[in-house]
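Structural overview
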Amino acid sequence: MGREIERKYLVKDDSYRALAAEAHHIRQAYLSTVPDATVRLRILDSQAFITVKGRNHGAERSEWEYEIPVADAEEMLAQCSQTPILDKTRYRAGRWEIDEFHGPLEGLVVAEIELEDADETFALPEFIGEEVTGDPRYYNSTLATQRVRDE
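Residues numbered from 1 in each chain as written. Predicted model: local features only at pLDDT ≥ 70, side-chain atom pairs only at ≥ 80, totals over all residues. Heavy atoms only, no water.

Let us now look at the environment of Tyr139. Mapped onto the fold, Tyr139 is located in the loop between β9 (128-131) and α3 (140-143). Note: C-alpha distance between Tyr139 and Leu77 (62 residues apart in sequence) is 19 Å. Each residue touching Tyr139, except ones within four places of it in the same chain, is listed here: Lys8, Asn56 and Gly134. Polar contacts involving the side chain of Tyr139 include one to the main-chain carbonyl oxygen of Gly134, which spans 3.5 Å. (Helix = DSSP H or I, 4+ residues; strand = E, 2+ residues; numbered from the N terminus. Contact = heavy atoms within 4.5 Å. Polar contact = N/O pair within 3.5 Å; in protein donor to acceptor, adjacent residues only side chain to side chain.)

Right, let's get into the pairing of strand β8 (residues 109-114). Working note: regular strand, side chains alternate between the two faces of the sheet. Most of β8 sits out of view: five of its six residues are buried. Across five bridges, the pairing between strand β7 (residues 96-101) and β8 is antiparallel. Looking across to β8, one finds that Ile98 is bridged to Ala111. (Buried < 20%, exposed > 50% of the residue type's maximum accessible area, 1.4 Å probe, protein only. Pairing = 2+ DSSP bridges.)

What follows deals with the nonpolar core. Membership of the largest hydrophobic core comes to 15 residues, with the highest contact counts inside it found for Val11, Tyr16, Trp96, Ile98, Ala111, Phe127 and Ile128. Breaking this core down by element, the ones donating at least two residues are β1 (3-11), β6 (86-93), β7 and β8. Those residues in contact with Ala111 that sit more than four places away from it in its chain are Arg7, Lys8, Tyr9, Val11, Trp96, Glu97, Ile98, Phe127 and Ile128. By size, the runner-up hydrophobic cluster in this structure holds 11 residues, among which are Tyr30, Leu105, Val132 and Tyr138. (Core = buried A, V, L, I, M, F, W, Y, C linked by side-chain atoms within 4.5 Å.)

Our next topic: the pairing of β6. Judged by how many residues are buried, β6 sits mostly within the fold: six of eight residues are covered. As judged from the six bridges shared by β6 and β7, these two strands associate in the antiparallel manner. Bridged to Ala93 within β7 is Trp96. Linkage of β6 to β7, two consecutive antiparallel strands, is achieved through a turn of two residues, within which Gly94 is found at a positive phi near 65°.

Okay, the confidence of the model for the protein chain next. Within the protein chain, residue pLDDT values average 92, and 96% of them lie at 70 or more. At the low end of the mean pLDDT range in the protein chain sits α3, at 91; at the high end sits β7, at 98. (pLDDT = per-residue confidence, 0-100.)

The next point concerns the packing of aromatic side chains. Scanning the entire structure with this criterion turns up five aromatic pairs. With a centroid separation of 6.0 Å and an interplanar angle of 70°, the aromatic rings of Trp96 and Phe122 are classed as edge-to-face. Taken together, the positions of Trp96 in strand β7 and Phe122 in the loop between β8 and β9 put the pair 26 residues apart, joining distant regions of the chain. On the basis of relative accessible area, Trp96 is assigned to the buried category, the value being 6%. (Phe/Tyr/Trp six-rings, centres within 6.5 Å; stacked < 30°, edge-to-face > 60°.)

With that out of the way, let us pick up the side chain of Thr38. Relative to the elements of secondary structure, Thr38 occurs in strand β3 (residues 38-44). When sequence neighbours within four positions are dropped, the list of residues in contact with Thr38 reads Tyr30, Ser32, Thr33, Thr51, Val52, Lys53 and Ser141.

Most peptide bonds are trans, and most residues other than glycine sit at a negative phi. The backbone phi angle of Asp45 is positive, close to 55°, even though this residue is not glycine. Of note, Asp45 is situated in the loop between β3 and β4 (47-53).

Once that is clear, we can look at the environment of Ile68. Summarising the element assignment, Ile68 is placed in strand β5 (residues 60-68). With relative accessibility at 17%, the residue Ile68 sits in the buried group. When the C-alpha atoms of Ile68 and Arg42 are compared, they prove to be 9.6 Å apart, with 26 residues separating the residues in sequence. Setting aside residues up to four positions removed in sequence, Ile68 forms contacts with Leu41, Ala48, Phe49, Ile50, Ala73 and Met76.

Dropping the structure here:
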C-alpha cells in the first residue's frame, strides 16, 4: 500500500520563485471527492496520472498513483469528472512543492512538503505562512469545487 505523509502551508510571498529549480503546468479534476476514496485525474505537462487517496489521518493517508495515456486522461476529464478542472503551476524548490492556482482560485498559493515520517522535523523557508495541514478547505478536492477564493 502507498502512503503519503505531507504538511501543507499557505504561502506569504513569491520568494519561492527564485529558489525553484523547475515549474510544471497542472490540470486536474476529480472522479470522486468522497473522503474515503478520492480519485484524481492529473495532466502534468505531457504526462497523465490517476491517483486514489484514502481518508486523511492528520498528515497521513493512503495513496496509489499510476501513469495513464494523456489521451485517456483528456477523455476522462471531459466525460467523467465530477468537479471543475483545477489549473495551477507547480514550482519545486528543494523538497517543497508550491502550487499557484489560476482561474477562479487566482491568488491562492499553497506549499507542501512530503515527509518520511509524521514526526520528521524540517526547516520552514521564509515564504511559508500559516499551516493548513488537515484543514479540508485546502484539500485540492475541496478547492476544485469552489468557484471563487474565500478571503
